[in-house]
Amino acid sequence: MTDSTPGAPDAASPPDPRPASAARRRRGAAARADVEARIHDVESALLDLEARAREMDARIEARAGRNLPKAIFFGLVLGLTLLFSLIVVKELFMLFGAVLMVFTVYELASALRFAGRDIPRIPLVIASLAVVPAAFYLGAEGLWWSFLAGIAFVSLWRIVESVRPSMRGPGVSLPTDLAAGVFVLAYVALLGGFAIVMTAEEGGQWWTLAYLITVISIDTGAYASGLAFGKHPMAPRISPKKTWEGFAGSVVAAITAGILLAWLMLGEEWWVGLILGLALVGTATLGDLTESLIKRDLGIKDISTWLPGHGGFLDRLDSILPSTIVAYVLFTLLG
């Protein structure tokens with residue numbers, strides 16, 4: 001017989017697993033706490049990085065006057081769409097130009113209406129749309145006739161509107177409203193229409209692409225050199241951020257781009273590119289100052305906010321629109 005004391009463990013029974021389980025739970029809790037601490041550190045680092053990035057973006061935007069990441073993204077989208085429309089299927093440039101005209105005409109007309117000019121926006125959009133196919137299929141003559149027809153259409157619409165008593169109040173000036181409508185059509189539809197005319201010509205799409213790249217180079221050169229070296233304002237009452245140092249950078253960019261594009265893309269002599277670059281730097285600068293003067297007179301920062309990082313469509317086309325005339329004349333004489 002074996003003596004057995006009550007409550008004493010049986011020599012043949014297995015050891016109690018509870019101490020090992022408690023140790024594993026403690027180790028598991030410690031591991032989870034360590035993982036949570038590491039996750040918290042990573043989240044803190046990411047939040048700190050985000051705060052630094054936002055602070056940097058704010059400094060860049062304050063210095064540059066725009067949100068650069070958004071500006072670059074939407075600029076690339078517009079640029080790739082333009083390249084596709086010019087190089088792959090030239091007729092698609094009509095659609096690209098029509099979209100730009102519609103948005104630009106509408107936003108400029110809206111800005112003028114905000115300033116008190118009662119000009120009809122829908123007729124202006126219709127008239128600008130009619131310019132595109134007329135310019136593409138009928139050339140410069142079709143552009144001029146469609147432009148004159150658009151003036152008649154918009155003016156007649158506004159005159160009929162003036163019959164309403166609400167349109168004949170003391171603050172309403174019919175001649176001023178008619179002049180504003182003509183200005184919108186001339187500034188956007190007529191000037192932009194010459195790019196349509198040029199593109200439709202044999203080999204004209206390369207001249208359109210060359211002058212657009214040159215103008216973009218001018219804007220980029222002015223922006224970069226002005227941001228880095230700008231100290232002397234060029235026209236402080238019109239555009240305080242535009243400097244002579246920026247203008248010098250735009251001249252260098254214009255000459256470089258013009259000569260390279262004339263040689264590599266257009267198959268012309270180097271002096272053709274020199275003339276193209278110098279002529280475009282004048283019209284691009286004038287266009288930029290003109291749009292700044294319009295915004296200053298209207299008391300607004302951007303014509304609209306439809307293009308994130310860019311403002312409005314006219315804010316991106318201000319240098320391009322007046323440059324179209326120079327490009328078209330040079331294409332007609334030399335192309």
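Being a predicted model, the structure only gives us computed values, none of them experimental.

Asks: Which parts of the structure should I look at to understand the packing of aromatic side chains?
Replies: Remark: the centre distance and the inter-plane angle together describe each pair of aromatic rings, the angle taken between the planes. Evaluated as defined, the whole model comprises 10 aromatic pairs. Seen from their ring centres, phenylalanine 93 and phenylalanine 96 are 6.2 Å apart, and the 25° between their planes marks the pair as stacked. You can see phenylalanine 93 and its partner phenylalanine 96 sitting in helix α3 (residues 92-114), three residues apart, about one turn around the helix. Pair check on accessibility: phenylalanine 93 and phenylalanine 96 agree, each one buried. Centre to centre, the rings of phenylalanine 153 and tryptophan 157 are 5.9 Å apart; their planes meet at 75°, and the pair counts as edge-to-face. Placement of both phenylalanine 153 and tryptophan 157 in helix α4 (residues 121-161) is noted, with a separation of four residues, approximately one turn of the helix. Judged by relative accessible area, which is 32%, phenylalanine 153 ranks as partly exposed. Feature note: the residues Trp144, Phe147, Phe194 and Tyr328 constitute an aromatic cluster, connected by ring pairs.

Asks: Teacher, can you tell me more about the pattern of salt bridges here?
Replies: A side chain of one charge can pair with a side chain of the opposite charge when the charged atoms of the two come close. Throughout the structure, instances matching the rule amount to six salt bridges. One salt bridge connects arginine 158 with aspartate 177, and the closest N-O pair in it is separated by 3.0 Å. With arginine 158 in helix α4 and aspartate 177 in helix α5 (residues 174-200), this residue pair connects regions lying 19 residues apart in the sequence. On the accessibility criterion, arginine 158 (2% relative accessible area) is buried.

Asks: Please clarify how α4 should be interpreted in this entry.
Replies: Every α-helix carries 3.6 residues per turn, so stepping three or four residues along brings you back to the same face. The end-to-end C-alpha distance of α4, which contains 41 residues, comes to just 13 Å, noticeably less than the 60 Å that a straight helix rising 1.5 Å per residue would cover. Of all bends in α4, the biggest is about 150°, found at leucine 138.

Asks: Where do I start with the environment of glycine 192 in this structure?
Replies: By secondary structure assignment, the location of glycine 192 is in helix α5. Through-space distance from the C-alpha of glycine 192 to that of glycine 97 is 7.8 Å; in sequence the pair is 95 residues apart. Setting aside residues no more than four positions away along its own chain, glycine 192 makes contact with Met101 and Leu321.

Conventions we followed
- Residues numbered from 1 in each chain as written.
- Predicted model: local features only at pLDDT ≥ 70, side-chain atom pairs only at ≥ 80, totals over all residues.
- Heavy atoms only, no water.
- Phe/Tyr/Trp six-rings, centres within 6.5 Å; stacked < 30°, edge-to-face > 60°.
- Helix = DSSP H or I, 4+ residues; strand = E, 2+ residues; numbered from the N terminus.
- Buried < 20%, exposed > 50% of the residue type's maximum accessible area, 1.4 Å probe, protein only.
- Salt bridge = Lys/Arg side-chain N within 4 Å of Asp/Glu carboxyl O.
- Expected span 1.5 Å × (residues − 1).
- Bend = angle between axes of the 7 residues up to and from the residue.
- Contact = heavy atoms within 4.5 Å.

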